[in-house]
Each structure stands twice: as structure tokens, then as C-alpha cells.
Amino acid sequence: MRHVLILCTGNSARSILGEAVINQLGAGRLQGYSAGSQPRGQPHPLALETLRAAGWPVAGYRSKSWDEFVGPDAPPLDLVITVCDSAAAEACPYFPGRAVKAHWSLPDPPAAGDEAAQRARFAAVFEALQTRVSALLKLPDAAWDAPDFAARVQAIHDGLV
């Protein structure tokens, strides 16, 4: 089982969707988590609505600090993916495990404008995350231990944008 942490500043929209996508598509191979440097305290309602519309479970998702992933009881992380540019620019704490890092820049759904624009952006980000995680799952298990793993994960994003 590989452990993947999705980071965003507020941990309410993109990172929540990322955690859900990893857990849904990667069931049995990947365990997804999400966190933020400045968590908002709860998932954005449209993030949960997006998951519900796909028929995915929404129980248990919460907005949390990345501090939960730095202590001795934290899961050893294999991969940390930032999904917002501001989180990518922040100095991340030390995470247990090998914690290879990549940045998949995705637009912030709540910043899209009115509710219709936000819904459209949530759907687009959800689809983009599904595409990227599907590509991540196509990598052979040995790739996770290869020296170029970070570059390969980054190329998933760069090749799809």
C-alpha cells in the first residue's frame, strides 16, 4: 500500500477531491489523505456535492492541518502532491517516509465566480484529478522506488495540461 498526501492551503476543495479520487480509484493500492497549511475547518459543500453526484461516499472527509502528518503516528508518505500554487510555494514540513513531491496545479473552484461557474470548475477539477490518478495507477510498482519517480509523477501533470 502506497500513501499519498494531497496538499492545498485550505484543504476544503481540490485536496478533498484528490483524497477521494485516490481512495476510490486506488483502492487496494493507494491510500489517500489530504491536508492544508491553513485548513478552513470543513470541506466546501460543492466538493462533497461533486463526490455525491459521482455516487462516491462523502463520510469522513474533513479539513485538517498538515501537522497531522508529521508526528510519529503519521503514516509514512510515499508521495506528496500539491494542487494549489500557494501551497506549492510554501515550505512544507518534514513528512515521515520518503515523501517524493510533485505539483499538479489546478484552478481553485470556489474562486470561479458565481455558483454555476463554481460547479463547472469543481466538475473540471474532479475530472482532471481522475485522469491524473488513473495515469499514476498505470505506473508499475517498481516506478515508485525509482530515482526518477518525482519526475514521472510531475510528467503526468505536465503532459495533461
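These figures come from a predicted structure and were not determined experimentally. (Residues numbered from 1 in each chain as written. Predicted model: local features only at pLDDT ≥ 70, side-chain atom pairs only at ≥ 80, totals over all residues. Heavy atoms only, no water.)

Student: Describe the pattern of salt bridges, and please don't skip the residues or the numbers.
Tutor: Where charged atoms from two side chains of opposite charge come close, those side chains can pair. One pass over the structure, following the stated rule, counts eight salt bridges. Here Arg 29 makes a salt bridge to Asp 141, at a shortest N to O gap of 3.1 Å. Remark: Asp 141 occurs in the loop between helix H4 (115–138) and helix H5 (149–160) and Arg 29 occurs in the loop between helix H1 (14–25) and strand S2 (30–35); sequence separation between them is 112 residues. By relative accessible area, Arg 29 is classed as partly exposed at 28%. Bridged by salt links that share partners, the residues Arg 2, Asp 78 and Asp 145 form one connected network. (Salt bridge = Lys/Arg side-chain N within 4 Å of Asp/Glu carboxyl O. Helix = DSSP H or I, 4+ residues; strand = E, 2+ residues; numbered from the N terminus. Buried < 20%, exposed > 50% of the residue type's maximum accessible area, 1.4 Å probe, protein only.)

Student: Can you lay out H1 for me, pointing to particular residues and giving the numbers?
Tutor: Because an α-helix completes one turn every 3.6 residues, residues spaced three or four positions apart along the sequence face the same direction. In this model, H1 (twelve residues) spans 16 Å end to end at C-alpha, consistent with the 16 Å of a helix rising 1.5 Å per residue. The buried fraction of H1 is high, at nine of twelve residues. Taken together, the buried positions of H1 are Arg 14, Ser 15, Ile 16, Leu 17, Gly 18, Glu 19, Ala 20, Val 21 and Ile 22. Among the structural elements, strand S1 (2–7), S2, helix H2 (45–53) and H4 are those in contact with the buried residues of H1. (Expected span 1.5 Å × (residues − 1). Contact = heavy atoms within 4.5 Å.)

Student: Give me the pairing of S1: which residues, what numbers.
Tutor: The buried count for S1 comes to six of six residues, which makes it a mostly enclosed element. Pairing geometry for S1 and S2, over six bridges, is parallel. Across the sheet, the residue bridging to Leu 7 is Ala 35, located in S2. In this view, the connection linking S1 to its parallel neighbour S2 by way of H1 has right-handed handedness. As paired elements, S1 and strand S3 (residues 77–82) share four bridges and run parallel to each other. Note on S3: the bridge partner recorded for Leu 5 is Val 80. (Pairing = 2+ DSSP bridges. Right-handed = clockwise from strand over helix to strand, strands pointing away.)

Student: Kindly report on H2, identifying the contributing residues and their values.
Tutor: Those residues of H2 lying buried are Leu 46, Ala 47, Leu 48, Thr 50 and Leu 51. Where H2 is buried, its residues meet H1 and H4. Following H2 by one or two positions, Gly 55 adopts a phi angle in the positive range, close to 80°.

No statement about biological role is implied by the geometric values presented.
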